[in-house]
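In case you want the letters, here they are:
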Amino acid sequence: MSEDAPEQPTLRQSEPNDGVPVVAVLLSWFVPGAGHLYLGRTGYALAAFLLVEGLYALGYLLSDGLVFQFLDPELRGPAGFLLTPEIGNLGALLAHVQSQAPVTYPPTPAVYPPAVALGGMLTAASGIFGALVIAEAHWSARRTSRFAASPALDAALTWLVPGLGHLRQGRKLRGVVVFAVLVGVLVLGCILSENSNLSRERHFYYWSAQFLIGGPALVGELLFGGERVTGPVELIDIGLYYGALGGLLNVLAMLDAYAWRESVSMGLDPVADRRAKPEATSKQGSASSPMGSGAGSASGSAADKYRVGGATKTDAPRTGSSKTGSSP
Amino acid sequence: MDTPLHIALFLIGTLPITLFTLFVVHADDASVIAEYPRRAVSFVGSLVLIGVVMLLASRFLI
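Criteria and cut-off values
- Residues numbered from 1 in each chain as written.
- Chains lettered and ligands numbered in written order.
- Predicted model: local features only at pLDDT ≥ 70, side-chain atom pairs only at ≥ 80, totals over all residues.
- Helix = DSSP H or I, 4+ residues; strand = E, 2+ residues; numbered from the N terminus.
- Rg over C-alpha atoms; globule rule 2.2 N^0.38 Å.
- Buried ≥ 20, exposed ≤ 12 C-beta atoms within 10 Å, placed from the backbone.
- pLDDT = per-residue confidence, 0-100.
- Contact = placed C-beta atoms within 7 Å.
- Nonpolar A, V, L, I, M, F, W, Y, C, P; charged D, E, K, R; others polar.
- Axes fitted to C-alpha atoms, helices over the stretch in contact; angles between N-to-C directions.
- Parallel < 35°, antiparallel > 145°, perpendicular 65-115°, else oblique.
- Left-handed = near helix turned anticlockwise from the far one by under 90°.
- Expected span 1.5 Å × (residues − 1).

## Here's the deal with the overall build of chain B
When its secondary structure is counted, chain B shows two helices and zero strands. In terms of overall dimensions, chain B is more spread out than a globule: its C-alpha atoms have a radius of gyration of 15 Å, far above the 11 Å expected for 62 residues. For chain B, the C-alpha atoms occupy an extent of roughly 45 × 25 × 15 Å along the three principal directions. Within chain B, the proportion of its 62 residues that are buried is 11%.

Rendered as structure tokens:
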């Protein structure tokens, strides 16, 4: 490291190794917060449990647990629930599915409560937050300092408002582009499908993908989701495709925001870290994330040289290497 | 009328797909901008090729 280079962010190393990331992930998947409890973060565990399970319980109550009745009876098998956002809160989802009345033939039509759509949104949001808590648990098990900013928060902000996580990171151009493109794609989908895409009851799986865009989909459904469909919608297929596309692309935006923050929190340059070749990472035996976090550790490679604070550094310390055992 | 509209919607749909996959690959915007045209042309070209093969197969094999 050159003498005139600015100092690397100092990460506190005094804390004991929190735990095994995969164990924290699996615990959090079944019971939100359990992974953090395992890692010794009791306060966070309690808050995560109350938020995620509270959302699910409220959604269940509002919908009388009838959200999955939107599915055709033949799709209500175990695999039918795998592509729902609720999969992020596996424990609650399994309990919910167990509570379902067995399908009778001919199937009995369900009488939905007035707030069934809102209830479905809340259980789905519970699943999204559950997934974010899982990501946070994985990060918590690998972090080198409890003062390092969590990447999961940036991903959560990007889910709530596409591009917001990027803006928080100071990446203004990308944040604005992410927001404009994704909202544009969703609006185009709504126009083409005449807002009929904003209903989980009509398009269960397309809605699940569309829901990944977060805030814009929630607002759109609250404003226009109740509209009646009075005739054939000519371009419904393409409209549904665009709505789902917006949600799926927001997952990429969330990954981008997560990876950037992870690199920064580990004291790495996020641009060079992303460019690191997988083989360079694997040679070091310290793969921490599917998104990278391996740059700077492959001595002699192009990834060794990167810029932090305007100065070129070489062989920068990989501060997170001691806790980067695995990735889900 | 339908065909040009569908082609236009297809092309519009390819643009964000290409852009956001580049966002995952490159953390810096300069690299995204530099690589975007080549990636977009490659993606659209590949899909057109697949479409042509499917059309030919449906015409001659089915």
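## Considerations on the overall build of chain A
Counting secondary structure elements, chain A contains 13 helices and two strands. Of all 328 residues assigned to chain A, the portion counted as buried reaches 52%.

## Digging into the confidence of the model for chain B
Low-pLDDT stretches of the model should not have their predicted coordinates read in fine detail. Mean pLDDT over chain B works out to 91, with 98% of the residues at or above the 70 mark. The ipTM for the predicted assembly is 0.90, set against a pTM of 0.80.

## Let's talk about the interface of chain B and chain A
Across the contact, 12 residues belong to chain B and 16 residues belong to chain A. Looking at side-chain class alone, the side of chain B that touches chain A contains seven nonpolar, three polar and two charged residues.

## Thoughts on the packing of helix α8 (residues 172-192) of chain A against helix α10 (residues 215-224) of chain A
All names here are of chain A. Two numbers describe how α8 lies on α10: the axes approach to 10 Å, and their chain directions differ by 30°. Regarding the angle of α8 to α10, the classification is roughly parallel. Crossing angle aside, the handedness with which α8 passes α10 is right-handed. Of α10, the residues touching α8 (which contributes Val183, Leu186 and Cys190) are Pro216, Ala217 and Gly220. Residue composition of the contact of α8 with α10, by class: five nonpolar, one polar and no charged.

## Looking at the packing of helix α1 (residues 2-25) of chain B against helix α2 (residues 29-60) of chain B
All names here are of chain B. At a minimum axis separation of 9 Å, α1 and α2 run at an interaxial angle of 130°. Here α1 lies oblique to α2, going by the angle between them. Between α1 and α2 the crossing geometry is right-handed. Taking contact as the criterion, the partners of Leu11, Thr14, Leu15, Ile17, Thr18, Leu19, Leu22 and Phe23 in α1 are, on α2, Val32, Glu35, Tyr36, Arg39, Ala40, Phe43, Val44 and Leu47. Grouping the constituent residues of the contact of α1 with α2 by class yields 12 nonpolar, two polar and two charged.

## Quick notes on the environment of Arg76 of chain A
Residue and element names in this part refer to chain A. Mapping Arg76 onto the fold places it in the loop between α3 (42-63) and α4 (90-99). For the pair Arg76 and Pro113, spaced 37 residues apart in sequence, the C-alpha separation works out to 20 Å. The contacts of Arg76, once residues within four sequence positions are left out, are Phe68, Leu71, Gln100 and Val103.

## Remarks on α1 of chain B
Helix length check: α1 of chain B, at 24 residues, gives a terminal C-alpha distance of 35 Å against a target of 34 Å (1.5 Å per residue), a fit within 8%. Those residues of α1 of chain B that fall on the buried side of the exposure criterion are Pro16, Thr18, Phe20, Leu22 and Phe23 of chain B. Elements in contact with the buried residues of α1 of chain B: α8 and α11 (236-265) of chain A together with α2 of chain B.

## Things to note about helix α5 (residues 116-142) of chain A
Residues spaced three or four apart along an α-helix face the same direction, because each turn holds 3.6 residues. Relative to the 39 Å expected for 27 residues at 1.5 Å per residue, α5 of chain A spans 40 Å between its end C-alpha atoms, a close match to the ideal helical length. Counting buried residues along α5 of chain A, 26 of its 27 residues qualify, which places the element largely inside the surrounding structure.

## Considering the environment of Ile213 of chain A
All names here are of chain A. Along the chain, Ile213 falls in the loop between α9 (204-210) and α10. Put simply, Ile213 and Gly247 are 34 residues apart on the chain and 4.1 Å apart in space, counted from C-alpha to C-alpha. Those residues in contact with Ile213 that sit more than four places away from it in its chain are Pro162, Leu182, Leu186, Gly246, Gly247 and Asn250.

## Things to note about unusual backbone geometry
Residues and elements named next belong to chain A. Phi is positive for Glu194, close to 55°, though the residue is something other than glycine. Inspection of the secondary structure puts Glu194 in the loop between α8 and α9. A count of 19 C-beta atoms within 10 Å places Glu194 in the partly exposed class. Here Asn195, not a glycine, exhibits a phi torsion of approximately 65°, which is positive. You can see Asn195 is positioned in the loop between α8 and α9.

## A closer look at the environment of Thr230 of chain A
Position of Thr230 of chain A relative to the elements: it lies in the loop between α10 and α11. Sequence separation of Thr230 of chain A and Tyr241 of chain A is 11 residues, and the distance between their C-alpha atoms is 21 Å.

## Details of the confidence of the model for chain A
Residue and element names in this part refer to chain A. On average, residues of chain A score 80 in pLDDT, and 78% of them are at 70 or above. Scored below 50 in pLDDT, residues 5-14 shows 17 contacts in the model against residues more than four places distant or in partner chains. Overall, residues 282-328 carries pLDDT values under 50, and its contacts beyond four positions in sequence, including any with other chains, amount to 116 contacts.

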